[in-house]
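Understanding the architecture of this molecule
Listed here are the chains, written in short residue letters.
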Amino acid sequence: MIRAFSIDDVRAAEEAVKRELEPGELMQRAALGLAEVARARSDEDGRVVVLAGSGDNGGDALYAAAHLARLDLNVVALLVGSRTHEEALAAATAEGVVPIEWRSGKVPAAAAEALAEANLVIDGIVGIGASPGLPKHLENLPDLFANDAYVIAVDLPSGVDPSGVVAADCLYADETVTFSLLKPCHLLPAGEAACGQLTVVDIGVPEPDSPAVVRYEASDATRLWPTPGAFDDKYSRGVLGVMTGSESYPGAAVLGVTAAVTTGVGMVRYIGPRRATDLVLGSVPEIVSGPGRVQAWLLGSGWDGHGGAPELVDELLDDILPIVLDAGALDLLDEPRSAPTLLTPHAGELKRLAQRLGLEHTQGVPGARVVADALGAHVLLKGATTLIVPPSSTRGPLVSQTDGPAWLATAGSGDVLAGMIGALVASGLGVTEAGALGVLLHGRAAHLANPGGPVRALDVARCAGRAVAEFL
Ligand SMILES: NC(=O)C1=CN([C@@H]2O[C@H](COP(=O)(O)OP(=O)(O)OC[C@H]3O[C@@H](n4cnc5c(N)ncnc54)[C@H](O)[C@@H]3O)[C@@H](O)[C@H]2O)[C@@H](O)CC1
Ligand SMILES: [K+]
């Protein structure tokens, strides 16, 4: 599992280590690690421009500049903040780094020339001390870079919100060199795309106890998968009740049920309108049609209204079983249930849901968070990066998954994901783990369905079983 930590926890962990070290030692470690990566990425005749801002991020960059100049690279330092880390600047100039001030206004000619010639740019404008966005005079900075310049961000791409919540103008990097601990922006959509390749340099700061953001990997699927044992039967493995599909959209039921059965669960009980039931039975003869005992419910994919059985739905919502609410069932809840509940909206559905509930945020992490808090439910926000946001009261980390190819943006894909997650919840996993492993499985199954190419949702569903075998 990949873990990122809140900025407050990172600061506290760094301070604790600093107290045990000589002053400045931690920055020296960061700068040396950064310089080693930069050296490995630069040519023999490396022409390097270091962008140094006011804070310690600029200090890291300037000390790294000193190391690179000592290795005979040609290094220019553009001092772009209102202040400069004076000791780091002195160390850099002592090794032959050429400083150029560009603290505001138009770019000085010498700075523009250095940037146009640089094949390596080190972005030390701001790090974890930053508010989102770039200073006005640097907004068009990338226009000054040579096309083939390799950009290394120090700790994080400058301009990115360190906590990964607010999307802002930032300097896109080819590689981000961070120190010991990942920060939320490295894993969340508002920052991750700007990071490029993420490289972690160990400066000896131990992980705090509780991560703010986690990402599940294949090894987590191996560890957590609800694999049956010799004493299991179909009931002990778990039964999933599914109410999906409608007269207008019966295909959603076929896709979700196919995915659930192929993912592996003791049994699926399906309840839906006549046409959908006939289609589901026709393509998935393993299911049982009609009500009965189940361990979890999946509702809503392909609904056109309330799924045709409002009394039953009300009963389920009052019940103590875990429920996955997808698509048309997202509108069912107005207040928290007393049992685990996972909502699986895409961005448009989240917006509609948050507006219906009269909440102050409607998008991204803040939108998912207010919905999760209002409904006491986990919100799995689907997208190129899929997030799972728990209610604040759980104090649990956000989950951020980027497993699927973009080919998964196709009709029926969400119905398949809901079926996979439903199967995992019925098998006994908590909604967070089921959501995260479901997203992992969805991505892996898409890859198996057609490596590197377009996929249809039914093929993704059919590949679930093989994908599970790969995890195990
Ligand atoms: N704290 C530590 O123990 C360590 C910190 N390190 C480095 O120090 C960085 C954090 O340093 P700081 O706390 O000094 O903070 P930063 O260097 O991130 O920036 C703070 C400075 O930037 C200004 N600023 C804030 N937002 C801005 C914006 N949007 N545009 C332009 N300027 C802005 C502030 O006025 C302040 O002067 C880390 O990201 C890392 O690179 C490393 O040296 C490792 C050890
Ligand atoms: K930076």
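Located above this text is the structure these notes cover.
Anyway, here's the lowdown on the structure attached to this text. (Residues numbered from 1 in each chain as written. Chains lettered and ligands numbered in written order. Predicted model: local features only at pLDDT ≥ 70, side-chain atom pairs only at ≥ 80, totals over all residues. Heavy atoms only, no water.)

Quick word on the site of ligand 1
Filter applied, for reference: Near residues are defined by distance, with any heavy atom within 4 Å of the molecule or strand qualifying the residue. N or O atoms within 3.5 Å of each other form a polar contact, as long as, within protein, one can give a hydrogen and the other can take it, and as long as residues adjacent in sequence are counted only when both atoms are side-chain atoms. To measure how exposed things are, a 1.4 Å probe is used in the Shrake-Rupley method; for residues, cover is taken only from the protein chains shown. Cavity and pocket criteria rest on a 1 Å grid covering protein atoms alone: a 1.4 Å probe that fits but cannot get out defines a cavity, protein on both sides within 12 Å along at least 5 of 7 lines defines an open pocket, and an atom within 4 Å of a point defines a lining residue. To qualify as sitting in a cavity or pocket, a molecule needs more than half of its atoms within 2 Å of the grid points.
Not every one of the 22 residues close to ligand 1 is listed here, only the nearest: Glu14, Asp60, Arg83, Gly127 and Asp155. Interatomic distance of 2.5 Å between a backbone N/O atom of Gly127 and an oxygen atom of ligand 1. Taken by itself ligand 1 offers 870 Å² of open surface, and the protein chains cover 82% of this. For ligand 1, the cavity whose grid points lie within 2 Å of the majority of its atoms is the largest pocket.

Re the pattern of salt bridges
Basically, it comes down to this: A pair is scored as a salt bridge if a Lys or Arg side-chain nitrogen falls within 4 Å of a carboxyl oxygen belonging to Asp or Glu. Helix numbering and strand numbering both begin at the N terminus, where a helix is a DSSP run of H or I of at least 4 residues and a strand a DSSP run of E of at least 2. Note on classification: 1.4 Å probe, protein chains only; a residue is buried when its accessible area is under 20% of the maximum for its type, exposed when over 50%, partly exposed between these limits.
In total, this model carries 16 salt bridges according to the counting rule given. The partner of Arg29 in a salt bridge is Glu25, and the shortest N-O contact between them spans 3.0 Å. One end of the pair, Arg29, and the other, Glu25, are both in helix H2 (residues 25-41), four residues apart, so they sit about a helical turn from each other. In this structure Arg29 comes out as partly exposed when scored by relative accessible area, which is 30%. On the basis of relative accessible area, Glu25 is assigned to the partly exposed category, the value being 29%. Measuring nitrogen to oxygen at the nearest pair gives 2.8 Å for the salt bridge that ties Arg215 to Glu192. A residue pair is termed long-range when its members are at least 10 positions apart, and Arg215 in strand S9 (residues 213-215) and Glu192 in helix H6 (residues 189-195) qualify at 23 residues. Within this structure, Asp331, Asp334, Arg352 and Arg356 form a network of salt bridges that share partners.

Let's talk about the layout of surface pockets
Under the convention used in this document: Grid points are joined across faces, edges and corners, and a volume is the space filled by probe spheres set on the points. Polarity classes work like this: nonpolar for Ala, Val, Leu, Ile, Met, Phe, Trp, Tyr, Cys and Pro, charged for Asp, Glu, Lys and Arg, and polar for all others, with Gly in that last group.
In this structure, the largest pocket occupies an estimated 640 Å³ of space. Gly55, Asp56, Asn57, Ile128 and Gly129 are, among the 32 residues lining the largest pocket, the residues nearest its centre. For the lining of the largest pocket, the secondary structure elements donating two or more residues are helix H1 (7-18), H2 and helix H3 (56-70). Here the lining of the largest pocket gets four residues from one element, more than from any other, and that element is H1. Of the residues in the lining of the largest pocket, the class split is twelve nonpolar, twelve polar and eight charged. Lining the second largest pocket we find 25 residues, and of these Lys382, Gly383, Leu408, Ser413 and His442 sit closest to its centre. Where the lining of the second largest pocket is concerned, the elements lending two or more residues are helix H14 (413-426) and helix H15 (431-449).

Regarding the packing of helix H9 (residues 251-263) against helix H17 (residues 464-471)
What counts here: The axes used here are C-alpha line fits, helices contributing only the stretch in contact, and every angle between their N-to-C directions lies in the interval 0 to 180 degrees. In a left-handed crossing the near helix is turned counterclockwise from the far helix by less than a right angle, and in a right-handed crossing that turn is clockwise. Should any heavy atoms of two residues lie within 4.5 Å, those residues are considered in contact.
It is at 7 Å that the axes of H9 and H17 come closest, and there the two elements cross at 30 degrees. For the element pair H9 and H17, the recorded crossing hand is right-handed. Each of Ala259, Thr262 and Thr263 in H9 lies in contact with H17, whose residues at this interface are Ala464, Gly465 and Val468. Looking at the contact of H9 with H17 residue by residue, the classes come out as three nonpolar, three polar and no charged.

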